[in-house]
Amino acid sequence: MSSPTPETSRMRGLMLVAGREIRVRGLSKANLVSLIVTVVIVGVLAALPTILGGGEDEAETIGLAGTNAAAMESQLKAAGGFDITMYDSAGEAEQAVEDGDVDTAVADGTLYSEENPDQGLQTRLDAAWQAAAVQTSLAEAGLSDAEIAAALTPRPLATVTLAEGETDPVTSYFTGLVISIIMFMMLMTPVQYIAMGVVEEKSSRIVEILLTSLKPWQLLGGKVIGLGVISLVNLVAMVAVGLGVSAATGVLADLPPGTASAAISTIGWWLIALVLFGTLAGGVGSLVSRQEESGSVLTPLIMSLTLSYIGAIFTLNAPTSTFAQVLSIVPPFSAITMPTRMAITTVPAWEIALSIALLVLAAAGALALGAQLYKRSVLYTGSRLKLSEALRRTA
Amino acid sequence: MLEIKDLHKRFGDTVALEGVSLTAAPGEVVGFVGANGAGKTTTMRIAMGVLAADSGQIVYNGAPLDVAARRRFGYMPSERGLYPKMKTAEQIAYFGELHGMSRAEAKRAAAALLEQLNLTERSGDFVQDLSLGNQQRVQLAVSLVHDPEALILDEPFSGLDPLAVDVMGTALKDRAANGAPVIFSSHQLDLIERLCDSVVIIGNGKIIAAGSVEALKAKEVKQLRVSVQTPQDLTESLPGTVTRDGDDYLVEDADDQEVLRIAAAAGRVTHFAYDQPTIAEIFREAVTR
Ligand SMILES: Nc1ncnc2c1ncn2[C@@H]1O[C@H](COP(=O)(O)OP(=O)(O)OP(=O)(O)O)[C@@H](O)[C@H]1O
Ligand SMILES: [Mg+2]
């Protein structure tokens, strides 16, 4: 056996622990089943608009007659989505609508329809009518077909947005909501699994053998990494299926601009928050020796996660309030509140920087505290250790 | 050479160890015995680095035992521990990897050990679905998977059936034959007698007797047991302190040749020998002294 350098063996230990978590917990039947169920639900939800929208893609049947009928025909053909029948007179066209041969008819500047035509259709027909009228007059003025086409298809307006990030308020509310829910779920699940794993190792006493070849920080760190990877993979699977189905059904075009950058920055916030909550979960988990007791020591963590989430929802509704401002800067609440607030409003750069700095500091503190707690109490069996006792112990 | 030197350890007001020292030479099997609460587990935990001593040190091959060297040790803690929801073979291989083996090496070693322990058909089962004795075998496999240089085993035989005891005994002897120092604790003194080269007896955190099995036995020898076919009562006529054990005479503090002469004169001598104490007797003697 070649003896590896201490550095590589340190990383190797960490990765072995993380790898075991991923194999045993991530590939467990329970996790795979719940992942598949979630993915199916997400897929169905993403496909739902299309399924419910039913005949959206069906071509409109339309009858044309009278003035400008030929120009209308070329306009509607260019627009697409119309099944066109030409009639000799307005009367015939009207009759065709009455008989149900076509849904609508346009003849001599009149729109015939069985019921009130829906708004979208009417708008499209209006636009086509205007264009057709222009086309006809241009042709009468003696322009060639090519000249008419050029005149009718001007270069679209170039857009210059002056107020940056001013997207549709409904969309940003929705984006913020999704971010807060995902952050909450993606922290809650690993926090609970990390604590469970620590208690499992402690209650089964396996930690005694583990510690003969691993350092406490490797055991704790490997767990946080492993469960983080599992959460991320689960999320990516969900998002991929959601986006994939949306793209396949053509809903994807509606995705608000900036979604990708919001997703990336949210992952950054999540990573820092995972270190913060994950190491604390491991630390407090090691205070108890039985799974039944883990709930009570986890309560403060679950509470602050829940409060962060509630704070984020509050922020969505009052993003510019002082409360939202404070909440999005003070850790641990900032972990969920800030990315949510960033989605709904423009946050000054200094606030973001301060929030990140404080959260990183808090995460570093949690890492030190969690690791110390873990180191000192993981081998202690018997009744639950008080926090103060654990900190007084000298391992 | 594994040397445990002058360990002291207190838990609050309880003094668990008060100057415990013992050594195991390469290839030596050392039995570690003592009453409940004497300090065996505490000593072994300190040796494996899962507990810190108040003072004292562990020296391996002349240098203080460090993490890297300890990773090449095999350890079986008194409170058994395995991942209940991990498959048997996967679990053994995982520990092999933790001890520095490559994944392939670890898998191969795990399969070989399972074969040796008659557990091959259970390799794909969760550990929690095995019987207690089989979990114990898996625990042994976990401590042996990386072909350890030294073994520290806390009550490795408790809970094993006779067949498994033999497997375990053979495993220990094999490692020792390859030059590994082996220390194990047990309350089954017949096993200690059968397997150990030397014995260390601990009582209340102090070593009260230590040495090779022969030396300990020789030291404790005092009584001469004599059986004579005679109607006479020789209690008065034999020299030294004489007591009766059934029909036998037990003689202490006397010249054995003179005892033999008197006994032979009285009748046919059917048994004449010094009693070899069992380890159990030495142990009882040592702890009650
Ligand atoms: N974690 C602990 N906290 C407090 N006291 C402890 C702890 N561990 C051991 N002790 C005490 O140290 C002493 C030695 O215990 P140890 O477990 O080493 O004995 P042992 O020889 O292994 O006994 P047994 O044969 O029952 O396994 C006992 O008095 C025990 O109560
Ligand atoms: Mg013990």
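All values reported here derive from a predicted model rather than from experimental measurement.

(A) Summary view of the overall build of chain A. A tally of regular secondary structure across chain A gives 15 helices and four strands. Scored against the burial criterion, the 395 residues of chain A give a buried share of 40%. A sequence separation of at least 24 residues applies to 70% of the contacts in chain A between residues at least 6 apart. In the structure as shown, chain A presents an accessible area of about 20,300 Å², 65% of it carried by carbon and sulfur atoms.

(B) Main features of the interface of chain B and chain A. The interface of chain B with chain A comprises 30 residues on the first partner and 22 residues on the second. Buried area between chain B and chain A, both sides added, is near 2,600 Å², and the carbon and sulfur share of it is 58%. If you look at where chain B meets chain A, you find three salt bridges. A salt bridge links E90 of chain B to R23 of chain A; its shortest N-O distance comes to 3.2 Å. Taken together, chain B and chain A are joined by seven residue pairs in polar contact (both at pLDDT 80 or more). Listing elements by their share of the side of chain B that touches chain A, those giving two or more residues are α2 (67-70), α3 (88-98) and α5 (132-144) of chain B. Per element, the largest residue contribution to the side of chain B that touches chain A is six residues, and it comes from α3 of chain B.

(C) Quick peek at the UniProt feature "transmembrane region" (unreviewed entry) in chain A. Residues and elements named next belong to chain A. Listed under "transmembrane region" (unreviewed entry) in the UniProt record, and renumbered for this structure, are residues 30-52, 173-195, 224-247, 267-288, 295-316 and 352-374. End C-alpha to end C-alpha, residues 173-195 measures 33 Å, and it is 100% helix and 0% strand. Annotation note: span residues 224-247, helix share 100%, strand share 0%, distance between end C-alpha atoms 34 Å.

(D) How the structure looks around a nonpolar patch on the surface. Taken together, the side chains of V33, I36, V37, V40, I41, V44, L45, L48 and I51 of chain A define a hydrophobic patch exposed on the protein surface, amounting to about 800 Å² of accessible area. Here L45 of chain A shows up in helix α2 (residues 29-53).

(E) Expanded view of empty space enclosed by the protein. All names here are of chain B. The final tally for this structure, using the stated rule, is one cavity of 30 Å³ or more. Its boundaries defined by the atoms lining it, the largest cavity holds a volume of some 40 Å³. Contributing to the lining of the largest cavity are L117, Q136, R137, L140, L160, A164, V167 and M168. For the lining of the largest cavity, the secondary structure elements donating two or more residues are α5 and α6 (162-177). Along the lines of polarity and charge, the residues of the lining of the largest cavity split into six nonpolar, one polar and one charged.

(F) Molecular detail of the environment of H146 of chain B. Residues and elements named next belong to chain B. Examined against the element boundaries, H146 turns out to sit in the loop between α5 and β7 (150-154). Owing to a relative accessible area of 4%, H146 belongs among the buried residues under this scheme. Residues H146 and Q257, spaced 111 residues apart in sequence, show a C-alpha to C-alpha distance of 56 Å. At 2.5 Å, the side chain of H146 forms a polar contact with the backbone oxygen of F73.

(G) Just the packing of helix α10 (residues 259-285) of chain A against helix α13 (residues 334-344) of chain A, in detail. Residue and element names in this part refer to chain A. With their axes 9 Å apart at the nearest point, α10 and α13 run at an angle of 170° to one another. Between α10 and α13, the interaxial angle falls into the category roughly antiparallel. The segment α10 lies against α13, with S265, T266, W269 and A273 engaging S334, A335, M338, P339 and M342. Considering only residue class, the contact of α10 with α13 consists of six nonpolar, three polar and no charged.

(H) Looking closely at the site of ligand 1. Residues and elements named next belong to chain B. G37, G39, K40, T41 and T42 are the nearest of the 13 residues found near ligand 1. Contacts to ligand 1 include N36, whose side-chain N or O atom sits 3.0 Å from an oxygen atom. One of the backbone nitrogen or oxygen atoms of G39 is found 2.9 Å away from an oxygen atom of ligand 1. Alone, ligand 1 offers 630 Å² of accessible surface; in the complex the protein occludes 63% of this. Among the elements of the structure, β2 (14-24) and α1 (40-47) are those that each provide at least two residues to the shell around ligand 1. Counting residues per element, the shell around ligand 1 draws most heavily on α1, which supplies three residues. Here the shell around ligand 1 is built from residues that sort into four nonpolar, seven polar and two charged.

(I) Summary view of the packing of aromatic side chains. Residues and elements named next belong to chain B. A complete count under the given rule lists six aromatic pairs over all chains for this structure. Relative to Y94, the ring of Y83 has its centre 6.4 Å away and its plane inclined at 55°; by these criteria the two rings are tilted. Residue Y83 is located in the loop between β6 (73-76) and α3, and its partner Y94 is located in helix α3; the two are separated by eleven residues in the primary sequence. Judged by relative accessible area, which is 1%, Y94 ranks as buried. Between Y94 and F95, the ring centres sit 5.7 Å apart and the planes meet at 70°, which makes this aromatic pair edge-to-face. Looking at F95, the relative accessible area reads 0%, which means it is buried. Each member of the aromatic cluster is reached from another via a ring pair, and the members are Y83, Y94 and F95.

(J) Local environment of the domain arrangement of chain B. Residues and elements named next belong to chain B. Partitioning chain B into structural domains gives domain 1 (2-213) and domain 2 (220-287). Taken together, the contact between domain 1 and domain 2 spans nine residues of the former and seven residues of the latter. Note on domain 1 versus domain 2: buried area summed over both sides is about 680 Å², and carbon and sulfur give 86% of it. The largest contributions to the domain 1 side of the interface with domain 2 come from L189, E193 and I201, which together make up 57% of the buried area. Viewed at the interface, domain 2 and domain 1 are joined by zero salt bridges. At the boundary of domain 1 and domain 2, one finds zero residue pairs in polar contact (both at pLDDT 80 or more). Going through the elements one at a time, β3 (29-34), α7 (189-195) and β9 (198-203) are the ones with two or more residues in the side of domain 1 that touches domain 2. Of the residues in the side of domain 1 that touches domain 2, the class split is seven nonpolar, one polar and one charged.

What counts and how
Residues numbered from 1 in each chain as written. Chains lettered and ligands numbered in written order. Predicted model: local features only at pLDDT ≥ 70, side-chain atom pairs only at ≥ 80, totals over all residues. Heavy atoms only, no water. Helix = DSSP H or I, 4+ residues; strand = E, 2+ residues; numbered from the N terminus. Buried < 20%, exposed > 50% of the residue type's maximum accessible area, 1.4 Å probe, protein only. Contact = heavy atoms within 4.5 Å. Areas by Shrake-Rupley, 256 points an atom, 1.4 Å probe, with all protein chains shown as cover. Buried area = accessible area lost by both parts, 1.4 Å probe. Salt bridge = Lys/Arg side-chain N within 4 Å of Asp/Glu carboxyl O. Polar contact = N/O pair within 3.5 Å; in protein donor to acceptor, adjacent residues only side chain to side chain. UniProt positions renumbered as here; feature names shortened; annotations may be inferred. Patch = residues over 30% accessible without salt bridge, like charges linked within 9 Å, V, L, I, M, F, W, Y side chains within 5 Å. 1 Å grid on protein atoms, 1.4 Å probe; cavity = no way out; pocket = protein on both sides within 12 Å on 5 of 7 lines; lining within 4 Å. Points joined across faces, edges and corners; volume = space filled by probe spheres on them. Nonpolar A, V, L, I, M, F, W, Y, C, P; charged D, E, K, R; others polar. Axes fitted to C-alpha atoms, helices over the stretch in contact; angles between N-to-C directions. Parallel < 35°, antiparallel > 145°, perpendicular 65-115°, else oblique. Near = heavy atom within 4 Å. Phe/Tyr/Trp six-rings, centres within 6.5 Å; stacked < 30°, edge-to-face > 60°. Domains from an automatic or database assignment.

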